[in-house]
Structures are given as C-alpha cells and as structure tokens.
Amino acid sequence: MKINKKTILNVFVILLWVSIGSGIVVLLVSAVKKEQSKLCKEVIVEFKDDLPFRMLDETEIEYTLWPAARNNNPVGKPLVSLDLFSLEKQLEKNPWILDADLYIDQLNKLHLRVEQRNPVARLFTPEGNSFYIDEKYALLPVKLSDVISLPVFTNFYINPSLKTASDSILLKRIVGLSKYIKSDSFWMAQVEQVNINANQTFEVTTQMGDQLVQLGVRSDWQKLFSKLKVLYGRMSEEGNWSKYIQIDLQYKDQAVCIKRESNSLSTLRTYRCY
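Residues numbered from 1 in each chain as written. Predicted model: local features only at pLDDT ≥ 70, side-chain atom pairs only at ≥ 80, totals over all residues. Heavy atoms only, no water.

Asks: Would you take a moment to explain the sheet that holds strand S1 (residues 42-47) for this structure?
Replies: Hydrogen bonds between backbone atoms are what pair the strands of a sheet, whose relative direction is either parallel or antiparallel. Strand order in the open sheet made by the three strands is S1-S3-S2, with mixed pairing throughout. The sheet is open, and its two edges are formed by S1 and strand S2 (97-104), each paired on a single side. Ignoring strand direction, the axes of neighbouring strands in this sheet form an average angle of 20 degrees. For S1 and strand S3 (residues 109-116), the ladder comprises six bridges, and the chain directions are parallel. Bridging from a neighbouring strand, Val45 pairs with Leu112 of S3. Those strands touched by helix H2 (residues 58-65) are S1 and S3, and its axis lies near 115 degrees from that of S1. (Pairing = 2+ DSSP bridges. Helix = DSSP H or I, 4+ residues; strand = E, 2+ residues; numbered from the N terminus. Axes fitted to C-alpha atoms, helices over the stretch in contact; angles between N-to-C directions. Contact = heavy atoms within 4.5 Å.)

The structure is reproduced here in structure tokens:
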C-alpha cells in the first residue's frame, strides 16, 4: 500500500498535538502538586491605619480567626486550605475591626492587614453601662485595658436594634459634637461631660466655673462654643467664674445666664455674644 505525503503529515501533526497535550497535562499536574505542597510559613498582623492607640493586639486578631486554640493558626499547613475571603469576613465580625485585607506573599507568608475603628466618644446609659461610638456611628465594647481620653456623654438610651430616624439624628449630633470637642484642647479640658435629655437636648457640665451649659437641639457647634468663649471672657472680666449656675446658648447671638442659688426671673442676665 502506498501512503502519500499528505497522510504522513496529518499523522505527524496529530502526534505532535498529542505530545503537546500530554506535556501540558503533565505540567498542570506538576504545578497543582507543587501548589498543594506549599505550606504557610508565618502569619503577619499589620495595621493599615495610623491611630495613636491600639484597642486590638495580634493575639486577639488571630483568636478571632482561629478561636478553637490560640496556636491553631495555619503555620505549617497547606496554603490551598485557606479561604481568604471567608477569613476576611470572619475578621470583620470583630466589632473593633472596620476593614480587613488578607493576602499571601511570595515567601508563603499570610498577611492580615487590619483597619481599627476610631472611637470619638464614650457613652454611658442610665443603668451605668458604657461603650464607645466611632465616626461611623458603630457602638463598640469597652475593654478593661483601654486608656483613652474622649468626650463623655451620659444618659444614652438608644437601642441599636430598634433605632429610629430621630435616633439616627441624635447619633450624628453626638459624633459631631465629640469631634468638635476633640479638635480643641481648651474644650477637651473644660467640658466634663455632656448629658442627653429625654427630648434629645444637650447640656454640658463644665470643669471651670461648674456651670450647666444648655445647647438645646442645635448642632452648629462652632457658633455655640464661640459664643460661650466670648461669654467666658466677660465672666473673667467680672472676676467670678462661679457666679452663674446655668448658661443657655440656644438663642441667636445671646446667652441667658441664671445666678447661683436663685431661681427668680430677676436673676436672669442676657449677654450679647457676637
């Protein structure tokens, strides 16, 4: 039988592709085996925020992911067994973690990059319970080891699971006032605490002078506290910081003051504060 050149060429092409396919399969199998043989060499915890304080440590972060045992981390185990997406979501269940990113580097090390929440105020309920609130209105548990100076709000009564539109406005005012107080060293020293009344008005207890300062339901903090600072200047000129027991800043361009140890209307004094 005579075989022509075209048939021989076709057979050669088929054999070539079979060889290439076999080679690819071998390479893939080899790559998979190599990948499966890679073991985690180290777990590295990193913070991707620049906060000056830490409410989390490496031990707690690792324990959030592997709670069965503190040493039950993936070091020495196959990297392919790690579900990075699920681990990220698990980390973000920790109330103090705002965001988490996980990745494996070329040295087979697992990196846990964590962003800590930033508390702006400490809240106390009428029952005496306490927690923090952050910039995104999340309520955070207090830790026994924490040492942090923040504005204090008392009589906080909101149940997060039953939050109303009015409650959301109140939370926004708490965060706004806290951030304003924190931004000014004078007010951080002067404001002892802010009480939240049942009608959602704010009243401030001060350190120097011991006055109760009524802020009402306003939230234009710059105007209110600039007006109070002007009033403090006039009280300093009078030489008696304790003369008044209450200062009401709710009215436009003025402060209404009540003298100590008297409730008579005759004891009211109105200051113009421009």
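Further notes follow.
Asks: Would you take a moment to explain unusual backbone geometry for this structure?
Replies: Glycine aside, the phi torsion of most residues is negative, and most peptide linkages are trans. Unlike most non-glycine residues, Asn108 shows phi in positive territory, near 65 degrees. Mapping Asn108 onto the fold places it in the loop between S2 and S3. On the accessibility criterion, Asn108 (14% relative accessible area) is buried. Phi at Tyr137 takes a positive value of approximately 70 degrees, unusual for a residue other than glycine. Considering the arrangement of structural elements, one finds Tyr137 in the loop between strand S5 (130-134) and strand S6 (139-141). For Tyr137, a relative accessible area of 36% gives the class partly exposed. (Buried < 20%, exposed > 50% of the residue type's maximum accessible area, 1.4 Å probe, protein only.)

Asks: Got a minute to help me understand the pairing of strand S10 (residues 212-216) in this structure?
Replies: It is a general feature of regular strands that their side chains alternate between the two faces of the sheet. Burial analysis of S10 places four of its five residues in the buried class, the great majority of the element. Note that strand S9 (residues 202-206) and S10 share four bridges and pair antiparallel. Directly across from Val204, in S10, lies its bridge partner Val213. Connecting S9 to the next strand, S10, in antiparallel fashion are five residues, including Gly209 with a positive phi near 100 degrees. Of the strand pairs in this sheet, S10 and strand S11 (residues 244-248) are connected by three bridges, and their pairing is parallel. Each residue of the ladder has a partner; that of Leu212, found in S11, is Gln246.

Asks: Just checking my understanding: could you explain the packing of aromatic side chains for this structure?
Replies: Where two aromatic rings form a pair, the distance of their centres and the angle of their planes describe that pair. Inspection of the entire model under this criterion finds nine aromatic pairs. Between Phe153 and Phe202 the ring centres are 5.9 Å apart and the planes differ by 70 degrees, which places this aromatic pair in the edge-to-face class. Of this pair, Phe153 sits in strand S7 (residues 152-154) while Phe202 sits in strand S9, placing them 49 residues apart in sequence. Taken individually, Phe153 and Phe202 each receive the classification buried, so the pair is uniform in this respect. Both rings, one in Phe186 and one in Tyr232, keep their centres 6.4 Å apart while their planes meet at 70 degrees; by these two values the pair is edge-to-face. Of this pair, Phe186 sits in helix H5 (residues 185-190) while Tyr232 sits in helix H6 (residues 221-238), and the two are 46 residues apart along the sequence. Taking the relative accessible area as the measure of exposure, Phe186 reaches 30% and is therefore partly exposed. Ring pairs connect the aromatic residues Tyr180, Phe186, Trp187, Phe225 and Tyr232, which therefore count as one cluster. Directly above the ring of Phe47 sits Arg54, whose terminal nitrogen or CZ lies 4.0 Å from the centroid. For the cation-ring pair, Arg173 lies above Phe202, with the distance from its terminal atom to the ring centre recorded as 4.0 Å. (Phe/Tyr/Trp six-rings, centres within 6.5 Å; stacked < 30°, edge-to-face > 60°. Lys NZ or Arg CZ within 6 Å of the ring centre and 35° of its normal.)

Asks: Quick question: what am I supposed to make of the pattern of salt bridges here?
Replies: Pairing between side chains of opposite charge can happen when their charged atoms approach one another. This model, assessed by the stated rule, comprises ten salt bridges. In this structure, Lys143 engages Glu60 in a salt bridge whose closest nitrogen and oxygen atoms are separated by 2.6 Å. Taken together, the residues span a long stretch of sequence, with Lys143 in the loop between S6 and S7 and Glu60 in helix H2 at a distance of 83 residues. Assessed through its relative accessible area of 26%, Glu60 is described here as partly exposed. Notably, a salt bridge pairs Asp220 with Arg218, separated by 2.6 Å at the nearest N-O pair. (Salt bridge = Lys/Arg side-chain N within 4 Å of Asp/Glu carboxyl O.)

In short, the description is geometric, and any link to function would need to be established separately.
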